[in-house]
Amino acid sequence: MTETTSAARSAIFDRIQKANSSVQARSQVADYAAISREYQQSASKHRAAILETFAERLREYDARVHQASSMTVAEAIRIALAEHGQHSALVANAFPKEWLPDGLSWRAEADAEVDAMDKAEGAIVTCKVAIAHTGTIVLKDARKLTLLPDRLLCVVREDQVVETVPEAFARLQSLATDALTFVSGPSATADIEMTRIRGVHGPRFLDVVLV
Amino acid sequence: MSIRVGEAAEAPSFQKAAHMLLKDDQLRTNVRHATDVITQKRSHVVAEQHDWQQLRDAGSAIKAHTLRFLDHYLDQFEAACTAAGGHVHWAADADEANRIIVGLIQRQGGREIIKVKTMTSDEIGLNRALEANGIHPHETDLADMIIQLGHDQPSHIVVPALHKNRRQVREIFMQAMGLKELGDRPEDLTDAARRYLREKFLKVKIGFSGANFLIAETGGVCVVESEGNGRMCLTLPDVLITIAGVEKVIPTFRDLEVFLQLLPRSATGERMNPYNSLWTGVHPDEGPREFHVVLLDNGRTRILADHESRETLHCIRCGACLNTCPVYRQTGGHAYGSIYAGPIGAILTPQLFDMEHSQSLPYASSLCGACYEVCPVKINIPEVLIHLRGRVVREQQSGASLEAIGMKAMARVFATRRRFEAAQRLGRIAQWPFISQGWIHHLPGMLGNWTAVRDLRPMPSQTFRNWWRGREKGNSND
Ligand code: SF4
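Residues numbered from 1 in each chain as written. Chains lettered and ligands numbered in written order. Predicted model: local features only at pLDDT ≥ 70, side-chain atom pairs only at ≥ 80, totals over all residues. Heavy atoms only, no water.

Participant: For this particular structure, what's the right way to read the overall build of chain A?
Facilitator: Assigned secondary structure in chain A consists of six helices and 12 strands. Over its C-alpha atoms, taken along the principal directions, chain A stretches across nearly 70 × 50 × 40 Å. Taking all 211 residues of chain A together, the buried fraction comes to 55%. Taking the intrachain contacts of chain A between residues at least 6 apart in sequence as the baseline, contacts between residues at least 24 apart amount to 70%. Here chain A has roughly 9,100 Å² of accessible surface; of this, 49% comes from carbon and sulfur atoms. (Helix = DSSP H or I, 4+ residues; strand = E, 2+ residues; numbered from the N terminus. Buried < 20%, exposed > 50% of the residue type's maximum accessible area, 1.4 Å probe, protein only. Contact = heavy atoms within 4.5 Å. Areas by Shrake-Rupley, 256 points an atom, 1.4 Å probe, with all protein chains shown as cover.)

Participant: Sorry if this is basic, but what is going on with the overall build of chain B here?
Facilitator: From N to C terminus, chain B includes 22 helices and 12 strands. Of all 478 residues assigned to chain B, the portion counted as buried reaches 63%. In chain B, the proportion of contacts linking residues at least 24 apart, taken out of those at least 6 apart, comes to 74%. Total accessible area computed for chain B in this model is approximately 17,600 Å², and 51% of it derives from carbon and sulfur atoms.

Participant: Looking at this structure, how should I read the packing of helix 9 (residues 166-177) of chain B against helix 10 (residues 186-203) of chain B?
Facilitator: For any two helices packed against each other, one specifies the crossing angle of their axes together with the interaxial distance. Residue and element names in this part refer to chain B. Between helix 9 and helix 10, the shortest axis-to-axis distance is 10 Å and the interhelical angle comes to 30°. Between helix 9 and helix 10, the angle is such that the two are roughly parallel. The two elements helix 9 and helix 10 cross, and the hand of that crossing is left-handed. Contact residues: Arg166, Val169, Arg170, Phe173 and Met177 in helix 9; Pro186, Leu189, Ala192, Ala193 and Tyr196 in helix 10. Considering only residue class, the contact of helix 9 with helix 10 consists of eight nonpolar, no polar and two charged. (Axes fitted to C-alpha atoms, helices over the stretch in contact; angles between N-to-C directions. Parallel < 35°, antiparallel > 145°, perpendicular 65-115°, else oblique. Left-handed = near helix turned anticlockwise from the far one by under 90°. Nonpolar A, V, L, I, M, F, W, Y, C, P; charged D, E, K, R; others polar.)

Participant: Mind showing me how you'd approach the site of the ligand here?
Facilitator: Taken together, the neighbourhood of the ligand is formed by Cys315(B), Ile316(B), Arg317(B), Cys318(B), Gly319(B), Cys321(B), Ile344(B), Cys375(B), Pro376(B), Val377(B), Ile379(B) and Ile381(B). A breakdown of the residues in the shell around the ligand according to their chemical character gives 10 nonpolar, one polar and one charged. (Near = heavy atom within 4 Å.)

Participant: What should I look at first to understand the sheet that holds strand 3 (residues 136-139) of chain B in this one?
Facilitator: As a general point, the strands of a sheet are linked pairwise by backbone hydrogen bonds and lie either parallel or antiparallel. Residue and element names in this part refer to chain B. Read across the sheet, six strands follow the order 1-10-7-4-2-3 without closing on themselves; strand pairing throughout is parallel. Unpaired on one side and paired on the other, strand 1 (87-91) and strand 3 mark the two borders of the sheet. Within this sheet the neighbouring strands show an average axis-to-axis angle of 25°, counted without direction. Alignment of strand 4 (residues 206-209) against strand 7 (residues 239-245), held across four bridges, turns out to be parallel. For Ser209, the partnering residue across the bridge sits in strand 7 and is Thr242. The strands that helix 4 (residues 70-83) touches are strand 1 and strand 10 (290-296); relative to strand 1, the one it contacts most, it runs at about 145°. Packed onto the sheet, helix 5 (residues 94-107) meets strand 1, strand 2 (112-115), strand 4, strand 7 and strand 10 and runs at close to 170° relative to strand 10. (Pairing = 2+ DSSP bridges.)

Participant: Is there a simple way to explain the packing of helix 6 (residues 165-172) of chain A against helix 12 (residues 256-267) of chain B in this structure?
Facilitator: Two elements in contact, helix 6 of chain A and helix 12 of chain B, have axes whose closest approach is 9 Å; the angle formed by their N-to-C orientations is 140°. One way to sum up the angle between helix 6 of chain A and helix 12 of chain B is to call them oblique. Judged by the twist between their axes, the crossing of helix 6 of chain A over helix 12 of chain B is right-handed. In this structure, helix 6 of chain A contributes Val165(A), Pro166(A) and Phe169(A) to the contact, and helix 12 of chain B contributes Leu256(B), Glu257(B), Leu260(B) and Gln261(B). Taken together, the residues of the contact of helix 6 of chain A with helix 12 of chain B break down into five nonpolar, one polar and one charged.

Participant: Honestly, helix 6 of chain A in this entry has me stumped. Any pointers?
Facilitator: Residue pairs spaced three or four apart in an α-helix point in one direction, given the helix's 3.6 residues per turn. The element helix 6 of chain A is extensively covered by neighbouring structure, given that six of its eight residues are classed as buried. Of all the residues in helix 6 of chain A, the buried ones are Val165(A), Pro166(A), Glu167(A), Ala168(A), Phe169(A) and Leu172(A). The inward-facing, buried residues of helix 6 of chain A abut strand 5 (129-131), strand 6 (136-140), strand 8 (161-162) and strand 9 (180-183) of chain A together with helix 12 of chain B.

Participant: Just to check I follow, could you spell out the interface of chain B and chain A for this structure?
Facilitator: By convention, interface size is frequently given as the accessible area that disappears when the constituent parts associate. Taken together, the contact between chain B and chain A spans 96 residues of the former and 77 residues of the latter. The interface formed by chain B and chain A includes 10 salt bridges. In terms of residue count, the dominant contributor to the side of chain B that touches chain A is helix 10 of chain B (11 residues). Classifying every residue of the side of chain B that touches chain A by side-chain character gives 45 nonpolar, 25 polar and 26 charged. Across four bridges, strand 9 of chain A lies against strand 9 (residues 275-280) of chain B in antiparallel orientation. Among the inter-strand pairings, Thr181(A) is bridged to a residue of strand 9 of chain B, identified as Ser277(B). (Salt bridge = Lys/Arg side-chain N within 4 Å of Asp/Glu carboxyl O.)

Participant: Would you mind going over the nonpolar core with me for this structure?
Facilitator: As a rule of thumb, nonpolar side chains are buried together in soluble globular proteins. Ranked by internal contacts, the top residues of the largest apolar core, which has 105 residues, are Leu74(B), Phe77(B), Trp90(B), Phe213(B), Phe253(B), Leu256(B) and Leu295(B). If you tally residues by element for this core, the top one is helix 12 of chain B, at seven residues. Not counting the four nearest positions on each side in its chain, Phe253(B) is found in contact with Phe169(A), Leu172(A), Gln173(A), Ala176(A), Leu180(A), Ile215(B), Glu217(B), Thr218(B) and Leu278(B). In terms of nonpolar packing, the next biggest core, distinct from the first, is built from 73 residues, Ala92(A), Ala123(A), Val125(A) and Leu148(A) among them. (Core = buried A, V, L, I, M, F, W, Y, C linked by side-chain atoms within 4.5 Å.)

Participant: Whenever I open this one, the sheet that holds strand 9 of chain B confuses me. Can you help?
Facilitator: The mixed open sheet is built from eight strands, whose spatial order is 8(A)-5(A)-6(A)-9(A)-9(B)-6(B)-5(B)-8(B). At either end of the open sheet lies a strand with only one pairing partner, and these are strand 8 of chain A together with strand 8 (249-250) of chain B.

Participant: In this structure, what is going on with the environment of Ile241(B)? I would like to understand it.
Facilitator: Residues and elements named next belong to chain B. Positionally, Ile241 belongs in strand 7. Taking the C-alpha atoms as reference points, Ile241 and Ile206, separated by 35 residues in sequence, lie 7.7 Å from one another. In this structure Ile241 touches Ile101, Leu104, Ile105, Ile206, Gly207, Phe208, Ser209, His292 and Val294, once residues within four positions along its chain are discounted.

Participant: Got a minute to help me understand the packing of aromatic side chains in this structure?
Facilitator: The geometry of an aromatic ring pair is captured by two quantities: the separation of the ring centres and the angle between the planes. On inspection of all chains with the given rule, the structure shows six aromatic pairs over all chains. Relative to Trp99(A), the ring of Phe95(A) has its centre 5.9 Å away and its plane inclined at 70°; by these criteria the two rings are edge-to-face. Grouping residues by exposure puts Phe95(A) and Trp99(A) together as buried. Seen from their ring centres, Trp279(B) and Phe291(B) are 5.7 Å apart, and the 80° between their planes marks the pair as edge-to-face. Residue Trp279(B) is located in strand 9, and its partner Phe291(B) is located in strand 10; the two are separated by 12 residues in the primary sequence. Neither Trp279(B) nor Phe291(B) differs from the other in exposure class; each is buried. A network of ring pairs unites the aromatic residues Phe169(A), Phe182(A) and Phe253(B) as a single cluster. One Lys or Arg, Arg9(A), reaches over the ring of Phe13(A) and ends 4.2 Å from the middle of that ring. (Phe/Tyr/Trp six-rings, centres within 6.5 Å; stacked < 30°, edge-to-face > 60°. Lys NZ or Arg CZ within 6 Å of the ring centre and 35° of its normal.)

Any link to function would need more than the numbers given here.
So this is what it looks like as structure tokens:
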């Protein structure tokens, strides 16, 4: 940007190259390839056990888990919202509208300004991949929508659930430059006397409908 | 070039500060409680991760590799981030970083910013520089907010306000937020913070963050957090400015699969922290329309030049070494006189300073090895400490104080790994008569000065290295 900035850049690169002059025995590509990755990279459990772990980990984070078939997603969403006494929601642009229950008053994310998101009862979204081992759902875009309302409901298809973190990264590679958010339970803090409190700034309630 | 590490240059020596702070019972109680809770949670989630050692090996190898090709990866990051619509700035030291950041904010006409926890901004003393230019930074992490509103200093990398209890937090909030009534349950306090900050999040147009990882392959940035304030700062403002040390770069997107397993388990004892945000430059219709990243040297390339201690730059700031360290647990973070406390602070601060200041810090350790055992990227902190003690001694020789002469002998003892290990074994054997109920209360002679101010936990009966060797020989019991 400015002259000093580029001066800083070349000074930094100079110092790095001097510091590294004696440590590059082979090419960067070969050196990277030689990194040993002996950690678990593929699934070791049966599908049923993986899904069981996923639900269990979510519950440990204080999330609620609802089971549904593709026929009954709308019904499962209706029940989940009813438990909160929730009547309206903002819905992610990409969300399949046939999954929305009759009688729900909803608006699409694209039509909502930040103020409307701040006041909304809740948001409804889908995810890209879910990780059983850590109870994580990975969302693409919809960053404000999944942050400002106090409740978040995410529909997860069973075939999106992988066992391990490395499997999730393999699936996400094609989305590597997108805006991604890994969500593991409702927002939380333990900053005051190490007592875990749910919901500081993000949604206080997380519902997952597993299809 | 002037390297600064927070307020460290003004701090008294570790031994002096520790002496003062050990009299503060409240601080000690809080530090012990907090570190106990995290340590227990950490052991639980590390034990269930059966490939933990393999993850550590990979994490350490990726970091070592990245340092060997740091220029390549920084260059790649810059190109990719720029192609994605981001702006990359380079800062040789703290003052230059502050100048760049202040300039960016002034160009926007900004008078205030919302900030998510970043050690690096504390390192360069950013808040002070901002305030000197009439810009108000709102800290948005609950703990940092407690520190800021209470005009205090952070005491821990991950839980900076662990030295404050709920009644103290309540008082700070009532005063700063102008509240007449406020409960003192953590829920009440968290709720007050939520309401107070929501308004700022929606109003302030410039966000500021650190970075946990910069991805060379994509030009992307990853920020790991719990509360959601990070996501607010990263997505709501029009302009986002991120600061990161040059060592934060990792080669590929895929490498996150290692670090996102190591970091949460080590830092907070969680399987995964509630939120990880990843973004690349600017995204159409999503988040800020302008993105700047400031890459900071501030002494890092000098650490790189010392091959015996460059592994210091592997650090992912998880705080596990603090929680496990008997010295830190006794004194709390403030004694280190630097925003980087505990074992990592003892090796990082003096090196960033090129050993000019904080020469007492390499001695702020009992060399028990616990920090190395828990470090997710396998930084051999005891060995680096020994190496740095050697450097302190060599650099003090011109002064030739009595102390320096004593230290010269020590430097010789610790000069090689074999001698160091022998000394450690000797330490373990020689210390047993002084142990009662697992804590050492008095040590004889020269070392007596040290235990006069605090109790030491005895060295583990087996060092990590002994255990590891035994394990390699096949008599493992893990
Ligand atoms: S030195 Fe290791 S254990 Fe300590 S904060 Fe850094 S990464 Fe964590």
